[in-house]
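Structural overview for review
Here's the letter readout for the chains.
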Amino acid sequence: MKNNVSRRNILQGLITSTVVIGFDTVCRSWVNKANAAELFVNLPRLDGVLYTDDATREEASDDFGHLVRHYPLAVLKPGSVDDIVKIIKFARIYNIKVAARGQGHTCYGQAQVEKGVVIDISTLNKIHNINTLGAVVEAGVRWSELLQATLPQQLTPPVLTDYLELSIGGTLSNGGIGGAAHRYGVQVDNVLELQVVTGEGDLVNCSQYQNRDLFEAVLAGLGQCGIIVRATIRLIKAERNARVFLLDYDDLASFIRDQRLLIDSERFNYVEGQIVSAPNGGWRYLLEAASFYTPPSEPDNTSLLASLSYTKGAEKIEDKSYFDFLNRLAPTVAFLKSINVWSNPHPWINLFIPATVVEQYISEVVSTLTLADTGNSPVLLYPVKTNRFTLPLFRVPNEQVVFLFTILRTAPLNDNATNVRMLDDNRKLFERNRDLNGTRYPVDAIAFQEEDWRQHFGRSWSKLVNAKRRYDPARILTPGQGIFTSFKNHNKAPW
Ligand SMILES: Cc1cc2nc3c(=O)[nH]c(=O)nc-3n(C[C@H](O)[C@H](O)[C@H](O)COP(=O)(O)OP(=O)(O)OC[C@H]3O[C@@H](n4cnc5c(N)ncnc54)[C@H](O)[C@@H]3O)c2cc1C
């Protein structure tokens, strides 16, 4: 830290009076140009900007869930990796909490930090290199941007999430699951190398071969041990088109059986599924599968659909470009934004259910589930194979096949009672699944205490604790997950 920076240098490059230039260690508040005369500790000179204006802080205090709010004192829009190193070293000294924020698309404050600093990684958005081995990208790059850059070279990341406007750093902190995960694992299983800033402010390269304990603590590590600033993502050959099959089922048992058959045989490139409302009430099931191809070769529909027991005649088969298929949520999102529903609260729940109990569990859930419970939003159910998962902190049930089950609930605006009811339902559904040895995919909105986290990480808990001790001993990183600092204590932080 440069405490002796000249005043002229400190003020260079400042944009507004709300730009922070120091931290008052007595009052424990940020010092901006307007109150610069007061006692403060100089911030090191930054390439980017640290903001304290209300609008920027307000934005960083919210997320896609719109369910909880924690107001940061400042938001860093880094101009370089060096800025992150400097801010974390500074925060470490003064015990200021820090959280990275990618696109803020988690639902329950995971990227928020009360009275700390949010690092808005979206300004680190360069794609440095793409070749057949992999893509070297900054963590703020969105998957849609990476895909658009790799496709001209007929390359693609092996696994993409359903929505592509998520940051690479954000999904790598969680897992990153999609319809190709039954073949390739989750996105974290397809990372060759990372560059990370630890909670000590050290910039470290890590991979399976170098600093492996950090690599394994950061991938799916919920931001606890380091901030990902750069990643090398494995790439595979991309086909040009996708033939998409939507198959209808009245019956849960047949739907599950066919989904399992498809992932076991790997006859499709992509397998997902939804629980959808039946026209006369109740629920039916929609299997979504895609086969990727490049003309003149074409998928053979007959062998792809052989021995499946969907409702014959109700299937829909459509050809799309590979990109349009992967980006298929974009028109829906544009529509939801146009009718202002995209900004409603989203008390989502995301669980992994063991295959041996999935039929029992889902039957129980749908026997009482109503459209009012989902807010007319999608409910996903699809299987993945756990032997594709290589990272210890990506937690799934201990079975060969597990099902991702998510209710992507939308609540009405200004209706706290519904938010509370949905959150309460989430907790009950989580507990029922936990009692059946299921796990949670923690991008959602479920009230979690430290004891829940201990149980969630299971045999990986000590690994995470040891890594936290080593890489973030002051526990400044990512308090919004509530793993090492519960929200209760977090809110009572002294500054
Ligand atoms: C419409 C929609 C569709 C989705 N579809 C899928 C899907 O198909 N599959 C799936 O797996 N998930 C899906 N998600 C969930 C999504 O993967 C997570 O919410 C993901 O974290 C979002 O990325 P983000 O950039 O918004 O992260 P944020 O919400 O900004 O951050 C998430 C967490 O990661 C931390 N973090 C962010 N960046 C970094 C970094 N660079 N280094 C370290 N920690 C960091 C944050 O502090 C926070 O704790 C979806 C979410 C939405 C809203």
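Rules used throughout
- Residues numbered from 1 in each chain as written.
- Predicted model: local features only at pLDDT ≥ 70, side-chain atom pairs only at ≥ 80, totals over all residues.
- Heavy atoms only, no water.
- Helix = DSSP H or I, 4+ residues; strand = E, 2+ residues; numbered from the N terminus.
- Rg over C-alpha atoms; globule rule 2.2 N^0.38 Å.
- Buried < 20%, exposed > 50% of the residue type's maximum accessible area, 1.4 Å probe, protein only.
- Contact = heavy atoms within 4.5 Å.
- Areas by Shrake-Rupley, 256 points an atom, 1.4 Å probe, with all protein chains shown as cover.
- Near = heavy atom within 4 Å.
- Polar contact = N/O pair within 3.5 Å; in protein donor to acceptor, adjacent residues only side chain to side chain.
- Nonpolar A, V, L, I, M, F, W, Y, C, P; charged D, E, K, R; others polar.
- Domains from an automatic or database assignment.
- Buried area = accessible area lost by both parts, 1.4 Å probe.
- Core = buried A, V, L, I, M, F, W, Y, C linked by side-chain atoms within 4.5 Å.
- 1 Å grid on protein atoms, 1.4 Å probe; cavity = no way out; pocket = protein on both sides within 12 Å on 5 of 7 lines; lining within 4 Å.
- Points joined across faces, edges and corners; volume = space filled by probe spheres on them.
- Arc of directions from axis to C-beta.
- Pairing = 2+ DSSP bridges.
- Axes fitted to C-alpha atoms, helices over the stretch in contact; angles between N-to-C directions.
- pLDDT = per-residue confidence, 0-100.
- Parallel < 35°, antiparallel > 145°, perpendicular 65-115°, else oblique.
- Left-handed = near helix turned anticlockwise from the far one by under 90°.

So, about the overall build of the protein chain. The secondary structure content of the protein chain amounts to 17 helices and 22 strands. The globule rule puts the C-alpha radius of gyration for 495 residues at 23 Å, and the 23 Å found for the protein chain is close to it. With the principal axes as the frame, the protein chain shows a C-alpha extent of 75 × 50 × 45 Å. The proportion of buried residues among the 495 residues of the protein chain is 59%. Considering only contacts within the protein chain whose residues lie at least 6 apart along the sequence, 70% involve residues at least 24 apart. As displayed, the protein chain has an accessible area near 20,000 Å², and 49% of this comes from carbon and sulfur atoms.

Below, the discussion takes up the site of the ligand. In the vicinity of the ligand, 33 residues are found, and the nearest of them are Ala100, Thr106, Ser167, Ile177 and Tyr441. The backbone of His105 places a nitrogen or oxygen atom 2.7 Å from an oxygen atom of the ligand. Computed on the free molecule, the ligand has an accessible area of 950 Å², of which 97% lies beneath the protein chains in the complex. Counting residues per element, the ones that place at least two in the shell around the ligand are strand S6 (98-101), helix H5 (168-174) and strand S13 (226-234). Of all the elements, H5 adds the most residues to the shell around the ligand, at five residues. Grouping the amino acids of the shell around the ligand by side-chain chemistry returns 13 nonpolar, 18 polar and two charged. Of the residues that make up the shell around the ligand, three or more belong to each of domain 1 (3-123) and domain 2 (127-237).

Along its sequence, the protein chain is organised into domain 1 (3-123), domain 2 (127-237) and domain 3 (241-440). Tallying the contact residues gives 30 residues for domain 2 and 31 residues for domain 3. In total, about 2,500 Å² of surface goes out of reach between domain 2 and domain 3, with carbon and sulfur atoms giving 62% of it. Considering only the side of domain 2, the residues that lose the most area to domain 3 are Asp162, His182 and Arg183, jointly responsible for 30% of the buried surface there.

In this section: the environment of Ser122. Summarising the element assignment, Ser122 is placed in the loop between strand S7 (117-120) and strand S8 (127-131). Through-space distance from the C-alpha of Ser122 to that of Asp424 is 33 Å; in sequence the pair is 302 residues apart. With near-sequence residues (within four places) excluded, Ser122 lies in contact with Arg101, Gly102, Gln103 and Gly140. Polar contacts involving the side chain of Ser122 include one to the side chain of Asp120, which spans 2.6 Å.

Okay, the nonpolar core next. In this structure, Trp30, Leu50, Ile119, Leu172, Leu194, Ile362 and Phe405 are the most contacted members of the largest nonpolar core, which totals 148 residues. The dominant element in this core, judged by the number of residues it contributes, is helix H3 (residues 81-94), at eight residues.

This brings us to the layout of surface pockets. Considered as a void within the structure, the second largest pocket measures approximately 480 Å³ in volume. As for the second largest pocket, its lining consists of 23 residues, of which Arg395, Val396, Pro397, Asn398 and Arg459 are closest to the centre. If you list the elements that add at least two residues to the lining of the second largest pocket, you get helix H14 (416-435), strand S22 (439-440) and helix H15 (450-457). Considering only residue class, the lining of the second largest pocket consists of nine nonpolar, nine polar and five charged.

A word on H15. Residues of H15 that are buried include every one of Asp452, Trp453, His456 and Phe457, and no others. The arc that holds the buried residues of H15, viewed along the axis, is 125°, so those residues lie on one side.

Attention shifts here to the sheet that holds S13. If you walk across this open sheet you meet the five strands as S8-S9-S13-S11-S12, and the pairing is antiparallel. Only two strands of the sheet have a single neighbouring strand rather than two, namely S8 and strand S12 (203-206). Strand-to-strand, the axes of this sheet are offset by a mean angle of 15°, without reference to chain direction. The sheet contact formed by S8 and strand S9 (residues 134-138) spans four bridges and is antiparallel.

The next point concerns the confidence of the model for the protein chain. Looking at the protein chain as a whole, the pLDDT averages 92, with 91% of positions reaching at least 70. Considering only residues more than four positions removed or in separate chains, one finds that residues 1-17, a stretch of pLDDT under 50, has 25 contacts. For residues 36-40, every residue scores under 50 in pLDDT, and the model assigns this stretch twelve contacts once sequence neighbours within four places are set aside.

Two elements in contact, helix H8 (residues 252-265) and helix H12 (residues 358-368), have axes separated by 10 Å at closest approach and are oriented at 140°. The pairing of H8 with H12 is recorded here as oblique in orientation. As H8 packs across H12, the resulting crossing turns out to be right-handed. Here Leu252, Ala253 and Ile256 of H8 come into contact with H12, specifically with Val358, Glu359, Ile362 and Ser363. The residue makeup of the contact of H8 with H12, split by class, is five nonpolar, one polar and one charged.

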